Amino acid sequence: MTQPAKVTIIGAGIVGLCTAWFLQERGVEVTVLDRTGVAAGASLGNAGWVAPALTLPLPEPSIFKVGIKAVIDPTSPVYVPVAANSTLLRFLAGFARHSTPKMWRRNMVTFAEINKWSLESFDRMEDGGVSAALKHAEPFLAAFTNEADRQIITHEFDEVAAGGGHVSFEKITGDELREFEPSVSKLVTLGLRVDGQRFINPPSFMQVLAAAVRARGATIVEGAKATGIRDLGAAGVAVDVEGQNAVLSNEVVIATGTWLGDLARQFGVRQVVQSGRGYSFSVKPPVIPTHPIYLPAQRVACTPLGDRLRVGGMMEFRSADAPADSRRIQTIVNAASPMFDGVDWDAREEEWVGSRPCTPDGLPLVGGTRSPRVHVAGGHGMWGVTLGPLTGRILADSITGGEKHPLLEAFDPLR
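Residues numbered from 1 in each chain as written. Predicted model: local features only at pLDDT ≥ 70, side-chain atom pairs only at ≥ 80, totals over all residues. Heavy atoms only, no water.

**A closer look at a positive patch on the surface**
Okay, step 1: A contiguous patch of positive charge, built from R90, R265, R270 and R370, is present on the exposed surface.
Okay, step 2: Residue position: R265 is located in the loop between helix 9 (260-264) and strand 15 (274-283).
Okay, step 3: Note on R265: relative accessible area 42%, which makes it partly exposed. (Patch = residues over 30% accessible without salt bridge, like charges linked within 9 Å, V, L, I, M, F, W, Y side chains within 5 Å. Areas by Shrake-Rupley, 256 points an atom, 1.4 Å probe, with all protein chains shown as cover. Salt bridge = Lys/Arg side-chain N within 4 Å of Asp/Glu carboxyl O. Lys, Arg positive; Asp, Glu negative; His and termini not counted. Charge placed at Lys NZ, Arg CZ, Asp CG, Glu CD. Helix = DSSP H or I, 4+ residues; strand = E, 2+ residues; numbered from the N terminus. Buried < 20%, exposed > 50% of the residue type's maximum accessible area, 1.4 Å probe, protein only.)

Structure follows, in C-alpha cells:
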C-alpha cells in the first residue's frame, strides 16, 4: 500500500483534528476543512470527560425502561419528538434492537477493548506536545441520594469486568464526598470515587490541538462547506467546497459528526448517524469544584473548567439544525439544583446545544469505504472526546499502511 502524500480532512472537531495530528506523525501533508470553524460542534460544549469507566455502549437496557410516555415528555433526560421522521424511526428501531441485555453485553466486550487503548492514545499526543488542559481527576466522583441508584452504576462496573475491562472504584458516604467537594448538598448521602479517569477543558484543548496541527504545517480552512466528494481514481479525490475552488488530494477523511452521512452515503456507508443533542451551561458555585462530578440518576455531568462549573446533560433525538429548546436547560437545572448548595442557577452562562453523532449499535464508524481513497471517522455518540485520539491513531495507521488495529473490524463503516 502506497502512503498518500496529502490527505484532506473534512471536519475540525476533536476527531478530525486528532486524525490530522496522527497523519502528520506519519509524514502526511494535511488540509482540514470545516464549514464553521475549529470545535464549532459537539467538541466545544461537551463535558470533556476522558473516562473509560463510563465509556459504555449507549444502547443499553435501562434507557427505554422509563416507557414511551416518558421519552416523549420534553422534560425527560432522554427525549424523542412525537413527530419523528423516517430516518429517526429507522435509528430508533435499530437502537432498540441493540438495547437488549444480550446485545449490550456483547458490545461491552468491544468497549472493554476500546478502553484499553483510549488513555494510551491521549498519552501519545501529550508526549508529542499536546499537553494543555488534560487533567487527572484524582478522583472522579459520582453522587447519589439512595443505594438503589448507586447499585445501578456498580452493576455496570461489574459488567465491565465481565467483558474483560477493569474499573477501580470505592464506595464512600456523602460526607466523605463532601470532603472532596463541599458544594455538594446534604441530599447526597452516598457516593463513588473512581480512579484512573481524566478530563479536559474542551475549548482550551481544542485550541491547543488546532495550534499543534497548524504548527506542523497543516492548513485549517474555516468557513469551508464541503458539498461533495469526487473520486478521481489514480488522480486522487476532489472535495467540492461551496463558493470556493475544489480541494485536491490523494485521499480524504470525512469527520463531519452528525452530518457524516451526507458525504459518505455515496461511498457505501448506510448506517444511520442520528443527532443526539446535548445541552450545557456554566455556573459559579461559592466553592468551585475541582473534580468531575457525575449525577447518574439525574443523567447530569458536571465538570470544573477553572473559574466555573460546566453542567450538562440530555439526549435529545432531534434534528441537528433545530433551534435550541430552553426547556432542556431547565430540565438540567431542575435535576442538578437540589444536589448542590449555594449556586445561583439563574446566573448561568454559556448556554449551549450540540449534536452528538449516534449510531444504532452505539459503535463508531471508522475506516475505509467502497473507495480506497475515501475514509470516515464519526458516529462516536457521547464519547467523541474519549475516543478522538484513539480514532485518529488507528485510522492514520490504516491510511498509511501501518498495522491494522483489531478495533477497525468492529468499527467498519460498511457493516
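**Focus: helix 1 (residues 14-25)**
Okay, step 1: Along its twelve residues, helix 1 runs 16 Å from first to last C-alpha, staying within 8% of the 16 Å computed at 1.5 Å per residue.
Okay, step 2: Here helix 1 lies mainly inside the structure; eleven of its twelve residues are buried.
Okay, step 3: Within helix 1 the residues assigned to the buried category are I14, V15, G16, L17, C18, T19, A20, W21, F22, L23 and Q24.
Okay, step 4: Looking one or two residues past helix 1, G27 carries a phi angle of roughly 85 degrees, positive in sign. (Expected span 1.5 Å × (residues − 1).)

**Points about the sheet that holds strand 20 (residues 365-368)**
Okay, step 1: Strand order across the open sheet formed by six strands is 10-2-1-14-21-20, with mixed pairing between neighbours. Single-partner strands in this sheet number two, and they are strand 10 (219-222) and strand 20. When strand polarity is set aside, the average angle formed by the axes of neighbouring strands in this sheet is 20 degrees.
Okay, step 2: Strands strand 1 (6-10), strand 14 (251-254), strand 20 and strand 21 (374-378) of the sheet are contacted by helix 11 (residues 384-399), whose axis makes an angle of about 170 degrees with strand 21. (Pairing = 2+ DSSP bridges. Axes fitted to C-alpha atoms, helices over the stretch in contact; angles between N-to-C directions. Contact = heavy atoms within 4.5 Å.)

**Quick notes on the packing of aromatic side chains**
Okay, step 1: Counted under the stated rule, the structure contains ten aromatic pairs.
Okay, step 2: For the pair F91 and F95, a centre-to-centre distance of 5.4 Å together with 40 degrees between the ring planes defines the contact as tilted. Of the two residues, F91 and F95 both sit in helix 4 (residues 86-97), four residues apart, roughly one turn of that helix.
Okay, step 3: Among the aromatic residues, ring-to-ring pairing joins W49, F140 and Y294 into one connected group.
Okay, step 4: The residue whose ring lies beneath R328 is Y79, and the NZ or CZ to ring-centre distance is 4.1 Å. (Phe/Tyr/Trp six-rings, centres within 6.5 Å; stacked < 30°, edge-to-face > 60°. Lys NZ or Arg CZ within 6 Å of the ring centre and 35° of its normal.)

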